[in-house]
Amino acid sequence: MNRWRRGPAPAAATGPDPGPFVMEFRGVGFTYPGPPPVTALGACELTVRRGEFLTVVGPSGSGKSTFLNLAGLLDVPTRGRYLLDGIDTGGLRERERAALRGRRIGFVFQSFHLLPHRSALENVGLALLYTGVPPAERRDRARAALERVGLGHRLHAPPGQLSGGERQRVAVARALVGRPSLLLCDEPTGNLDSASAAAVLSLLDGLHRAGMTVVVITHDPEVAARGGRTVTIRDGRLYERARPA
Amino acid sequence: MAAAATRMSVRDVLGEALAGLVRRPGRAVLTGLGTVLGVGGFVVVLGLTATLSARIDGRFSMLTATEVTVEDVAAQRDPYAPPAFPADAERRIRVLAGVEHAGVHWQVRPSPPVGSDPVGSDPVGSDPVGSDPAAAGPAVVAASPEAVLAMVPRLQQGRLYDDFAERTRQRVVVLGGGAAARLGVTTLSTRPAVRIGGEMFAVAGILGDVARQPENLLAALVPRATAAELWGPPGAGAARMLISTETGAARQVAALAPVALRPDRPEFLRAVPPADPRRLRAGVGADLGVLFLLLAGVCLLVGAAGIANTTLVAVLERAPEIGLRRAVGARGRHIAAQFLAESALLGGLGGLLGMSLGVLAVTGVAVARGWTPVLSPAVLAVAPVVGLVTGLLAGAYPAHRAARVEPAAALRR
Ligand SMILES: Nc1ncnc2c1ncn2[C@@H]1O[C@H](COP(=O)(O)OP(=O)(O)O)[C@@H](O)[C@H]1O
Ligand SMILES: [Mg+2]
């Protein structure tokens, strides 16, 4: 059941062994330049193992989105070191960061971020547009990903014709179609009713059981209470209570 | 290298740009309207200019290039001056090099009535004469034999009158084809005669066509001396001399004619040389071209501003899309390429549409006027490119802005 795991790939293709950690924050901090400068994240230590399901929970303004932007290589830490799949991302140029983003990270956002005038199939295929996958293969893989999230019957529907829960499932399909090392979800249930939220969360659970490394960021303690490893964030600091055995 | 760099094929850039346009056709049409008008304007101006130039070239045949007219302007210089052409005008002008035929002619006024009735009947003719001067019988034109030759006549029947007829002031007439039909003269085998004023004139010939001064097809031509004897000299300024020259001699002949004819008072005569075709064409270009090309340029500028503005607004509006594309691996240059391709495509399609409308307009005007529409293929090839380049230039700044959208901030929305 290691379908979604990157696993020990051929050495020639990926270089050094990625090791057991997908994410390593080594004293990572981030300060918005301002003025006035705002330190949204202090010096954080955090590691996420391959195949783990991590929930980061905290109130609004605690630094959750900042954490996600750093983990997703959308922002550069102002201090500390961040290793993704064992690769030190410090000092990488933008084109290398874009490549890592596109190939190793899948994003799920609270507001879905689907292109309004494109079909579900095209929206999912977009995640492969920049990675050199030919168009026909893009379509096939997008269809497979949509079938995987239970939307095989809605391939050609534009987002406007989908319910909130369906839209988020399209977004999940888009996040996993590139077979990333890490699925980063920022408030994935924030815009959904409880039934749709439960469906999306069980979908993420299923992906995790199939081997995917999933990080869910939420302000909702109920989401966090579903079990698994939970890290609390408050005023830009991470607190970890118990580690499940 | 941490991972293979992300990339985007030209096909994908165009695909994304096209998808961006066709999903919002209304907005695309409005955005491209300025380019449509600008390029359309250029095509219309260039097309009409070419069409008019071709028309002038067509009219400016060999025939007009070898034609000189000398006008009697004596009355303008001196109200009491007699007619300016001397009696031996034709002998004097034939001295000049390059002259083929030259002869004096004028329309006899008041026009004597012309009829084909037998002797003794009403001299006005059988046709009821209305107040409309066009309906009043054929004009009577006094023309020396040489003047008739200078018209390049083609005889339908019979022959022209000659110098002997002129010298002896014979009552002979050559009828234009139209005039003959009106008078009911269809054949010369019956030796017909027509009544002009009070006199009977034998019909010597019927003209099928004349290359110069086609109005004479509706006239009755009589020898100059005969006309002068019967109805007196031409009125002030009525006489003209028609000269046909050899190729290339017309301007020279025109320059020398007044002095050759009237060495004492050359200013009593004005020679009209053929127009310079290059100057005519330049005139058309200058009249129409400059103003309308300017207008078309303004349209194109407005079109570019329209594309630039809409694309810039779209960049701000589509910041989340840009953020998302960056999140799935797009680099700034991929984003820039997509927006640039969108505006270039919009400009190119606008140019194509504008060209089509311009061609329709030129063809419509030409057909309505009975002209042959002329459009150079270069204009047709360049028009969409002009639109494309307009779109590219207009999209440059918005594309630059799009490439610099911060993905993290854009995705926060
Ligand atoms: N662009 C920014 N410039 C300055 N401060 C910011 C910016 N974005 C977020 N912040 C601040 O950083 C802190 C953390 O923000 P954020 O990571 O968005 O929190 P959360 O996602 O948990 O609500 C907040 O105090 C917020 O005001
Ligand atoms: Mg947030």
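Residues numbered from 1 in each chain as written. Chains lettered and ligands numbered in written order. Predicted model: local features only at pLDDT ≥ 70, side-chain atom pairs only at ≥ 80, totals over all residues. Heavy atoms only, no water.

1. A word on the pattern of salt bridges
Note that side chains of opposite charge can pair when their charged atoms are close.
Stage number 1. Following the criterion strictly, the structure yields 30 salt bridges over all chains and no others.
Stage number 2. Among the ionic pairs, Glu24(A) bridges to Arg26(A), the shortest N-O distance being 2.7 Å.
Stage number 3. On the basis of relative accessibility, which here comes to 11%, the residue Glu24(A) falls in the buried class.
Stage number 4. Of the charged contacts, one joins Arg265(B) and Glu267(B) as a salt bridge, the two residues approaching to 2.8 Å between their closest N and O atoms. (Salt bridge = Lys/Arg side-chain N within 4 Å of Asp/Glu carboxyl O. Buried < 20%, exposed > 50% of the residue type's maximum accessible area, 1.4 Å probe, protein only.)

2. Regarding helix 1 (residues 10–22) of chain B
Stage number 1. For helix 1 of chain B, built from 13 residues, the straight-helix expectation of 18 Å at 1.5 Å per residue is met to within 8% by its first-to-last C-alpha distance of 18 Å.
Stage number 2. Among the residues of helix 1 of chain B, Asp12(B), Val13(B), Glu16(B), Ala17(B), Ala19(B) and Leu21(B) are the ones counted as buried. (Helix = DSSP H or I, 4+ residues; strand = E, 2+ residues; numbered from the N terminus. Expected span 1.5 Å × (residues − 1).)

3. Examining the interface of chain B and chain A
Stage number 1. Counting from both sides, the interface comprises 32 residues of chain B and, opposite them, 34 residues of chain A.
Stage number 2. Both sides of the chain B and chain A interface together cover about 3,000 Å² of buried area, and 58% of this is carbon and sulfur.
Stage number 3. For the interface between chain B and chain A, the tally reads 3 salt bridges.
Stage number 4. Here Arg326(B) makes a salt bridge to Glu94(A), at a shortest N to O gap of 3.0 Å.
Stage number 5. Applying the counting rule to chain B against chain A returns 10 residue pairs in polar contact (both at pLDDT 80 or more).
Stage number 6. Only helix 1, helix 12 (319–327), helix 13 (332–369) and helix 15 (407–411) of chain B provide two or more residues apiece to the side of chain B that touches chain A.
Stage number 7. With 6 residues, the single largest contributor to the side of chain B that touches chain A is helix 12 of chain B.
Stage number 8. Class assignment of the residues belonging to the side of chain B that touches chain A gives a composition of 16 nonpolar, 4 polar and 12 charged. (Contact = heavy atoms within 4.5 Å. Buried area = accessible area lost by both parts, 1.4 Å probe. Polar contact = N/O pair within 3.5 Å; in protein donor to acceptor, adjacent residues only side chain to side chain. Nonpolar A, V, L, I, M, F, W, Y, C, P; charged D, E, K, R; others polar.)

4. Description of the sheet that holds strand 1 (residues 21–32) of chain A
Residues and elements named next belong to chain A.
Stage number 1. Read across the sheet, 4 strands follow the order 2-1-4-5 without closing on themselves; strand pairing throughout is antiparallel. Every interior strand has two partners, whereas the edge strands, strand 2 (38–49) and strand 5 (87–88), have only one.
Stage number 2. Packing of helix 2 (residues 64–71) onto the sheet brings it into contact with strand 1, strand 2 and strand 4 (79–84), and relative to strand 1 it is tilted by some 125 degrees. (Pairing = 2+ DSSP bridges. Axes fitted to C-alpha atoms, helices over the stretch in contact; angles between N-to-C directions.)

5. So, the packing of aromatic side chains
Stage number 1. In the structure shown here, the tally under the stated rule is 5 aromatic pairs over all chains.
Stage number 2. Taking 5.3 Å as the distance between ring centres and 55 degrees as the angle between the ring planes, the aromatic pair formed by Phe25(A) and Phe67(A) counts as tilted. Here the residue Phe25(A) occupies a position in strand 1, and Phe67(A) occupies one in helix 2, the gap between them amounting to 42 residues. Of the two residues, Phe25(A) and Phe67(A), neither departs from the other in class, the shared state being buried.
Stage number 3. Taking 6.2 Å as the distance between ring centres and 10 degrees as the angle between the ring planes, the aromatic pair formed by Phe201(B) and Trp231(B) counts as stacked. Of this pair, Phe201(B) sits in strand 8 (residues 199–210) while Trp231(B) sits in helix 9 (residues 224–231), placing them 30 residues apart in sequence. (Phe/Tyr/Trp six-rings, centres within 6.5 Å; stacked < 30°, edge-to-face > 60°.)

6. Observations concerning empty space enclosed by the protein
Stage number 1. Inspection of every chain in the model, using the stated rule, returns 1 cavity of 30 Å³ or more.
Stage number 2. Of the pockets and cavities examined, the largest cavity occupies roughly 100 Å³.
Stage number 3. What lines the largest cavity is a set of 13 residues, among which Ile105(A), Ala127(A), Arg174(A), Ala175(A) and Val328(B) lie closest to the centre.
Stage number 4. Going through the elements one at a time, helix 3 (94–104), strand 6 (105–108) and helix 6 (164–176) of chain A together with helix 12 of chain B are the ones with two or more residues in the lining of the largest cavity.
Stage number 5. In terms of residue count, strand 6 of chain A provides more of the lining of the largest cavity than any other element does, 3 residues in total.
Stage number 6. Across the lining of the largest cavity, the residue classes tally to 8 nonpolar, 3 polar and 2 charged. (1 Å grid on protein atoms, 1.4 Å probe; cavity = no way out; pocket = protein on both sides within 12 Å on 5 of 7 lines; lining within 4 Å. Points joined across faces, edges and corners; volume = space filled by probe spheres on them.)

7. Examining the packing of helix 13 of chain B against helix 14 (residues 377–403) of chain B
How two helices pack is summed up by the angle between their axes together with the distance between the axes.
Residues and elements named next belong to chain B.
Stage number 1. One can describe the packing of helix 13 onto helix 14 by two numbers: an axis separation of 6 Å at closest approach and a directional angle of 150 degrees. The pairing of helix 13 with helix 14 is recorded here as roughly antiparallel in orientation. Relative to helix 14, helix 13 is oriented so that their crossing is right-handed.
Stage number 2. Of the residues assigned to the contact of helix 13 with helix 14, the class counts are 17 nonpolar, 8 polar and no charged. (Parallel < 35°, antiparallel > 145°, perpendicular 65-115°, else oblique. Left-handed = near helix turned anticlockwise from the far one by under 90°.)

8. Re the site of ligand 1
Stage number 1. Near ligand 1, the surroundings consist of Tyr32(A), Val38(A), Ala40(A), Pro59(A), Ser60(A), Gly61(A), Ser62(A), Gly63(A), Lys64(A), Ser65(A), Thr66(A) and Arg412(B).
Stage number 2. One chain alone does not account for the residues near ligand 1; they come from chains A and B.
Stage number 3. For ligand 1, an oxygen atom lies 2.8 Å from a polar atom in the side chain of Arg412(B).
Stage number 4. When ligand 1 is considered free in solution it has 560 Å² of accessible area, and contact with the protein chains removes 63% of it.
Stage number 5. Elements supplying a minimum of two residues to the shell around ligand 1: strand 2 and helix 2 of chain A.
Stage number 6. It is helix 2 of chain A that provides the largest number of residues to the shell around ligand 1, a total of 3 residues.
Stage number 7. For the shell around ligand 1, the class distribution of residues is 4 nonpolar, 6 polar and 2 charged. (Near = heavy atom within 4 Å. Areas by Shrake-Rupley, 256 points an atom, 1.4 Å probe, with all protein chains shown as cover.)

9. Side note on the nonpolar core
Stage number 1. Of all hydrophobic cores here, the largest spans 95 residues; its most connected members are Met23(A), Phe25(A), Phe67(A), Leu146(A), Leu204(A) and Val215(A).
Stage number 2. Residues in contact with Leu146(A), not counting those within four places in the same chain, are Ala120(A), Leu121(A), Val124(A), Leu151(A), Gly152(A), Leu155(A), Val170(A) and Ala173(A).
Stage number 3. Judged by nonpolar contacts, the second largest core, of 44 residues, contains Ala81(B), Val114(B), Ile196(B) and Ala271(B). (Core = buried A, V, L, I, M, F, W, Y, C linked by side-chain atoms within 4.5 Å.)

10. Points about the environment of Gly348(B)
Residue and element names in this part refer to chain B.
Stage number 1. You can see Gly348 is positioned in helix 13.
Stage number 2. Taking the C-alpha atoms as reference points, Gly348 and Thr35, 313 residues apart in sequence, are found 8.5 Å from one another.
Stage number 3. In this view, Gly348 contacts Pro384, Gly387 and Leu388; residues no more than four positions away in its chain are not counted.

11. A few points about the packing of helix 12 of chain B against helix 13 of chain B
All names here are of chain B.
Stage number 1. Between helix 12 and helix 13, the least distance of the axes is 10 Å, while the angle of their chain directions is 135 degrees. Comparing their axes, helix 13 and helix 12 come out oblique. Relative to helix 13, helix 12 is oriented so that their crossing is right-handed. Here Glu321, Ile322, Arg325 and Arg326 of helix 12 come into contact with helix 13, specifically with Gly332, Ile335, Gln338 and Phe339.
Stage number 2. Classifying every residue of the contact of helix 12 with helix 13 gives 3 nonpolar, 2 polar and 3 charged.

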